[in-house]
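Residue-level listing of the chains:
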Amino acid sequence: MSGLKSWLRIWSGKEDLTISKVNAKCEELSEYSREEIEGKMKTTDFISPEDLERLTKYHFGRREEVDVSPSEYEFNLSDRHGNIKNVYIQVGVIPGTKQSVASIIDITSHKQAEEALRENERFLQSVFDGIQDGISVLDTKLNIIRVNQWMDKIYRDQKPLVGKRCYEVYQQRKSICPWCPSVKAIKTGEPQSEIVPYPTEEDPKGWFDLTAFPIQDAEGRVTGVIEHVKDITDRKRAEMALREREDKYRNFIENAPIAMYTIDTKRNFTYGNKKLLEMTGYKK
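Quick notes on the rules
Residues numbered from 1 in each chain as written. Predicted model: local features only at pLDDT ≥ 70, side-chain atom pairs only at ≥ 80, totals over all residues. Heavy atoms only, no water. 1 Å grid on protein atoms, 1.4 Å probe; cavity = no way out; pocket = protein on both sides within 12 Å on 5 of 7 lines; lining within 4 Å. Points joined across faces, edges and corners; volume = space filled by probe spheres on them. Helix = DSSP H or I, 4+ residues; strand = E, 2+ residues; numbered from the N terminus. Nonpolar A, V, L, I, M, F, W, Y, C, P; charged D, E, K, R; others polar. Buried < 20%, exposed > 50% of the residue type's maximum accessible area, 1.4 Å probe, protein only. Pairing = 2+ DSSP bridges. Axes fitted to C-alpha atoms, helices over the stretch in contact; angles between N-to-C directions. Contact = heavy atoms within 4.5 Å. Phe/Tyr/Trp six-rings, centres within 6.5 Å; stacked < 30°, edge-to-face > 60°. Lys NZ or Arg CZ within 6 Å of the ring centre and 35° of its normal.

*Asks:* What should I look at first to understand the layout of surface pockets in this one?
*Replies:* To find leftover empty space, one rolls a probe the size of a water molecule over the atoms. For the largest pocket, the calculated volume is near 190 Å³. Along the walls of the largest pocket sit Phe269, Thr270, Tyr271, Gly272, Leu276, Leu277, Thr280, Tyr282, Lys283 and Lys284, which together make up its complete lining. Those elements giving two or more residues to the lining of the largest pocket turn out to be strand E11 (269–272) and helix H9 (274–280). Examining the composition of the lining of the largest pocket, we find that 4 residues originate from one element, E11, more than from any other. Residue composition of the lining of the largest pocket, grouped by class: 5 nonpolar, 3 polar and 2 charged. Considering the residues around the second largest pocket, the lining is formed by Ile154, Tyr155, Arg156, Asp157, Gln158, Val169, Gln172, Tyr198 and Pro199. Class assignment of the residues belonging to the lining of the second largest pocket gives a composition of 5 nonpolar, 2 polar and 2 charged.

*Asks:* Even after reading the chapter, I still don't get unusual backbone geometry, so can you show me in this structure?
*Replies:* Trans is the prevailing form of peptide bonds, just as negative phi is the prevailing case for residues other than glycine. At the junction of Lys159 and Pro160, the peptide bond is cis and its omega measures out at 0° in the coordinates. Within the secondary structure, Pro160 is located in the loop between helix H5 (149–154) and helix H6 (166–170). Backbone geometry places Glu31, a non-glycine residue, at a positive phi of 65°. With respect to the element layout, Glu31 can be found in the loop between helix H1 (24–30) and helix H2 (34–37). Here the phi dihedral of Leu142 falls at roughly 70°; this positive angle occurs in a residue that is not glycine. With a relative accessible area of 2%, Leu142 lands in the buried category.

*Asks:* Got a minute to help me understand the environment of Lys266 in this structure?
*Replies:* With respect to the element layout, Lys266 can be found in the loop between strand E10 (261–263) and E11. Linking Lys266 and Ser20, residues 246 residues apart in sequence, is a C-alpha distance of 108 Å.

*Asks:* Would you explain the sheet that holds strand E8 (residues 204–216) in this entry?
*Replies:* The strands making up a sheet associate through hydrogen bonds between their backbones, and the pairing can be parallel or antiparallel. Sheet architecture is open: 5 strands sit in the order E6-E5-E9-E8-E7, paired in antiparallel fashion. The strands lining the two open edges of the sheet, one partner per strand, are strand E6 (144–147) and strand E7 (192–199). Between one strand and the next, the sheet's axes are offset by a mean angle of 30°, whatever the strand orientation. Where E8 lies against strand E9 (residues 222–231), 9 bridges are found, and the strand directions are antiparallel. Note that in E9 the partner of Pro214 across the bridge is Val225. Its contacts with the sheet place helix H7 (residues 181–188) against strand E5 (134–139), E7, E8 and E9, and it is angled at close to 155° to E7. Docked against the sheet, helix H8 (residues 233–254) engages E7, E8 and E9, running at close to 125° with respect to E8.

*Asks:* For this particular structure, what's the right way to read the packing of aromatic side chains?
*Replies:* Going through the model one piece at a time under the given rule, you end up with 7 aromatic pairs. Pairing Tyr261 with Phe269 gives two aromatic rings, centres 5.1 Å apart and planes at 70°, and the pair type is edge-to-face. With a relative accessible area of 57%, Phe269 lands in the exposed category. Through a chain of ring-to-ring contacts, the aromatic side chains of Tyr58, Tyr73 and Phe75 assemble into a single cluster. The ring centre of Phe128 lies 5.2 Å from the NZ or CZ of Arg146, which sits over that ring.

The quantities given are spatial measurements derived from coordinates; they are silent on function.
So, in structure tokens, the structure goes:
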């Protein structure tokens, strides 16, 4: 609870849980006056209904010879207007008595901040997982520290991915990939891209368009990279098929038994095959 202001109060509960002594902070937090509380109200008057049974057991359990009740815990405190406040309590029994002393810290704003962070994390994770491309976050040693669902699905046989080196998982290598754009991004502080094979360079079943974006701290130091992976296997195969067809037709035209050529709009030759060169005696 470091950094939080202590709301110190003394609750010396009697057998019936009546409060005998409080401090000014108790008045401020509960919004009851000291005169209204001392000797008149019980500790249960400040406990929210969902926590009442648990804290009552703690209170009486603390008075037994074998004490199994925790001395520190959180609960919801209800003030005089029914407002719920999150608090953290440290409590103990006064030696030689059956009375308790409690020190309570109001952690409402702290809990609200935690919940806001959790909500923000849930939102970011939803966005992260909703991206229909692969996303990996790496540290500067190329350790995987976070991935989205797309990467988990593609590399499900390698799970868990977090904690492993990217090249071990994504390329099944024992050393850094020579083309690695993430290494370049870490060194230059600029985004880098590369077309990479998968699952291995020796036996590619597909290709990724991999872009590495450097993560920088407030001083501009690179602390890691975000890898964006897009599967371009279909595009790559289409390009290869087109190139194969072009090579095939180019070879056919070049070796055709008849002269073939192309000219531009000014009637200048732009291409001539072998047969044309033979017939004219000109070099290409």
